[in-house]
Amino acid sequence: MYYFIVNPNARSGRGRKVWRRVKTRLHERGIVFQVHFTEHVGHAMEIAKMLADEGSFKTVVAMGGDGTVNEVIEGLTGHPEVIFGYIPIGSGNDFARGLGISFNWKTALDRILGEHRTAWVWPMRLTYKNTEGKVCVRRAAGSSGIGFDAAVCHGVNHSRVKPWLNQLGLGKLAYTAIAVSRMFTMPERTVRMRIDGKERRIYKKVLFVCALKGAYEGGGFKFCPDGDLREEALSVCVVSRIPRIKCLMILPLAFWGKHVQFKGVDVFKCRKLEMAISGQWPVHMDGEVPETTDRVRIETESMPVQMIC
């Protein structure tokens, strides 16, 4: 039995169109399935948790972007008996890119329905304090970050032109335009870190810190070239003490992971990262930006999720 969680509004309505084709293919192959459409932010998490809590072996398939994956992972965490499949139809699809999942819905669906291999992926858990002093706990499937990258995600999520660009297949132009804008308006911060509960570091004039499970975020930026979603370790990239103009020149090189050769770019791995920031900064989980914080802990979740890849 396959349970589909579909975001019909993914990629400016493309989710609904792709689902019609998927449904036709499922009927043609005589596959027994059940479908749930998301209706609001957080709904995919609620559906995934409901399905997982029912017990028994099952395959849950998400159709949407990285935000949909984020919510489904949140709902499935703690249920290793559930197998998670994914058909990427977002504009970034960094989670799928990291696992080598095809962006072609037919190929992705055939992999789920046919003979496939599974891998254990380890979500991240973020614990942070919001502006009201409340301690919040969220999970991320593949990427998280504070500073510039989170500000870009926030700008893209609230962009009025992104839906139009998505329909033209030019969604990345929204990321580029907003990234250039935020590059010159994002305040730098001092970040005090404690790594794996032991090592302490202080970074000054920081533009952003990203903690990834895979290599990618932001629609294909390879900020952590050695990142692997199948590893328990976090891959961390810190960008500090680099002039903004130089940052703008270096940024395109991150598509190939070539930015790491420059002074001011520090990449390392750990299991837990605690950060105290010298001011409020936006924080994101798989591209979703709920609020700002000046203190955050990011760590590998204690239980993995079984993923078709």
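The protein is annotated in an unreviewed UniProt entry as Diacylglycerol kinase family lipid kinase of Candidatus Onthocola gallistercoris. Note on the protein: under the UniProt heading Cofactor (unreviewed entry), the record states "Mg(2+)". Regarding the protein, the UniProt comment filed under Sequence similarities (unreviewed entry) reads as follows: "Belongs to the diacylglycerol/lipid kinase family."

Draft legend 1. Examining the layout of surface pockets more closely. One number sums up the size of the second largest pocket: a volume of about 280 Å³. Lining the second largest pocket are 16 residues, with Glu274, Met275, Ala276, Arg295 and Val296 positioned closest to its centre. For the lining of the second largest pocket, the secondary-structure elements that each account for two or more residues are strand E6 (124-129), strand E9 (189-195), strand E10 (199-212), strand E13 (272-285) and strand E14 (288-300).

Draft legend 2. Examining empty space enclosed by the protein more closely. According to the stated counting rule, one finds two cavities of 30 Å³ or more in the structure shown. Surrounding the largest cavity, eleven residues form its lining, Asp149, Val152, Gly218, Phe221 and Phe223 being those nearest its centre. Secondary structure elements with two or more residues in the lining of the largest cavity: helix H6 (148-157) and helix H8 (172-183). Top element by residues in the lining of the largest cavity is H6. It accounts for four residues.

Draft legend 3. View of the packing of helix H1 (residues 10-28) against helix H5 (residues 105-113). Two elements in contact, H1 and H5, have axes whose closest approach is 11 Å; the angle formed by their N-to-C orientations is 40°. Considering their axes alone, H1 and H5 lie oblique with respect to each other. Considering how the two elements wind past one another, H1 and H5 form a crossing that is right-handed. In this structure, H1 contributes Val18, Arg21, Val22, Arg25 and Leu26 to the contact, and H5 contributes Trp105, Lys106, Leu109, Asp110 and Leu113. Here the contact of H1 with H5 is built from residues that sort into six nonpolar, no polar and four charged.

Draft legend 4. Just the pairing of strand E11 (residues 234-240), in detail. In terms of residue burial, E11 counts as a mostly covered element, since seven of its seven residues are buried. Of the two faces of E11, the one holding Leu234, Val236, Val238 and Ser240 and the one holding Ser235, Cys237 and Val239 are both buried throughout. In this sheet, E11 lies alongside E10 in antiparallel orientation, the contact comprising six bridges. By the bridge assignment, Leu212 is partnered in E11 with Ser235.

Draft legend 5. Structural context of H1. Residues Ala10, Gly15, Val18, Trp19, Val22 and Leu26 constitute the buried set of H1. Summarising the contacts, the buried residues of H1 are in contact with strand E1 (2-6), strand E2 (33-37), strand E3 (58-64), strand E4 (82-88) and H5.

Draft legend 6. Quick look at the environment of Ala119. Within the secondary structure layout, Ala119 lies in strand E5 (residues 118-121). The class for Ala119 is buried, based on a relative accessible area of 10%. Remark: the alpha-carbon pair of Ala119 and Cys153, spanning 34 residues in sequence, is separated by 28 Å. Here Ala119 is in contact with Arg230, Val305, Gln306, Met307 and Cys309, once residues within four sequence places are set aside.

Draft legend 7. Fine view of the pattern of salt bridges. For the structure on display, the rule yields 17 salt bridges. Residue Arg29 is joined to Asp110 by a salt bridge in which the shortest nitrogen-to-oxygen separation is 3.1 Å. With Arg29 in the loop between H1 and E2 and Asp110 in helix H5, this residue pair connects regions lying 81 residues apart in the sequence. Residue classification places Arg29 among the partly exposed residues on the basis of a relative accessible area of 42%. A residue is classified by how much of its surface remains accessible, and Asp110, at 29% relative accessible area, is partly exposed. Sharing partners across several salt bridges, the network here consists of Glu74, Arg125, Arg139, Arg297, Glu299 and Glu301.

Draft legend 8. Representation of a positive patch on the surface within the structure. Among the surface-exposed residues, Arg16, Lys17, Arg20, Arg21, Lys23 and Lys106 lie close enough to one another that they form a single positively charged patch. In terms of residues, the positive patch owes the most to one element, H1, which gives five residues. Counting through the fold element by element, Lys106 comes out in helix H5.

Draft legend 9. Molecular detail of the sheet that holds E3. Strand order in the open sheet formed by six strands is E2-E1-E3-E4-E15-E5, with mixed pairing between adjacent strands. Of all the strands in the sheet, the pair left with one neighbour each is E2 and E5. Sheet twist, expressed as the average angle between the axes of neighbouring strands with direction ignored, equals 30°. As paired strands, E4 and strand E15 (residues 305-308) are joined by two bridges and run parallel to one another. Directly across from Phe84, in E15, lies its bridge partner Met307. H1 rests against E1, E2, E3 and E4 of the sheet, and its axis sits at about 165° to E2.

Definitions and cut-offs
- Along each chain, residue indices are assigned from 1 in the same order as the chain's sequence is written.
- Local features in this predicted model are restricted to residues whose pLDDT is 70 or higher, and side-chain atom pairs enter the listing and the counts only when it is 80 or higher, whereas totals over whole chains, interfaces and linings include all residues.
- Hydrogens and water are ignored here; the side-chain numbers use all heavy atoms of the structure.
- UniProt positions are given in the numbering used here, feature names are shortened, and annotations may be inferred rather than shown by experiment.
- The rule is simple: put a 1 Å grid over the protein atoms alone, call a set of points where a 1.4 Å probe fits but cannot get out a cavity, call an open set with protein on both sides within 12 Å along at least five of seven lines a pocket, and count a residue as lining if it has an atom within 4 Å of a point.
- Grid points are joined across faces, edges and corners, and a volume is the space filled by probe spheres set on the points.
- Strands are runs of DSSP state E lasting at least 2 residues, helices are runs of H or I lasting at least 4, and numbering of each runs from the N terminus.
- Axis lines are fitted through C-alpha atoms, for helices just across the contact stretch, and the angle between N-to-C directions can take any value from 0 to 180 degrees.
- For this classification, under 35 degrees means roughly parallel, over 145 means roughly antiparallel, 65 to 115 means roughly perpendicular, and everything else is oblique.
- Two helices that cross are described as forming a left-handed crossing if the nearer one is turned anticlockwise from the farther one by less than a right angle, and a right-handed crossing if clockwise.
- Residue contacts follow a heavy-atom distance rule, with two residues in contact if any of their heavy atoms lie within 4.5 Å.
- Throughout this entry, Asp, Glu, Lys and Arg are counted as charged residues, while Ala, Val, Leu, Ile, Met, Phe, Trp, Tyr, Cys and Pro are counted as nonpolar. The remaining residues, Gly among them, count as polar.
- Working definition: with a 1.4 Å probe on protein chains only, accessible area under 20% of the residue-type maximum means buried, over 50% means exposed, and in between means partly exposed.
- Criterion used throughout: strands pair if DSSP finds at least two bridges between them.
- Note on definitions: salt bridges are taken to be side-chain nitrogens of Lys or Arg within 4 Å of carboxyl oxygens of Asp or Glu.
- Distance thresholds for patches are 9 Å for like charges and 5 Å for nonpolar side chains (Val, Leu, Ile, Met, Phe, Trp, Tyr), applied to residues having over 30% relative accessible area and no salt bridge.
- Each accessible area is a Shrake-Rupley estimate made with a 1.4 Å probe; only the visible protein chains count as cover when residues are assessed.
- When charges are counted, Lys and Arg are positive and Asp and Glu negative, with His and the chain ends excluded.
- The atoms used to mark charge sites are NZ of Lys, CZ of Arg, CG of Asp and CD of Glu.

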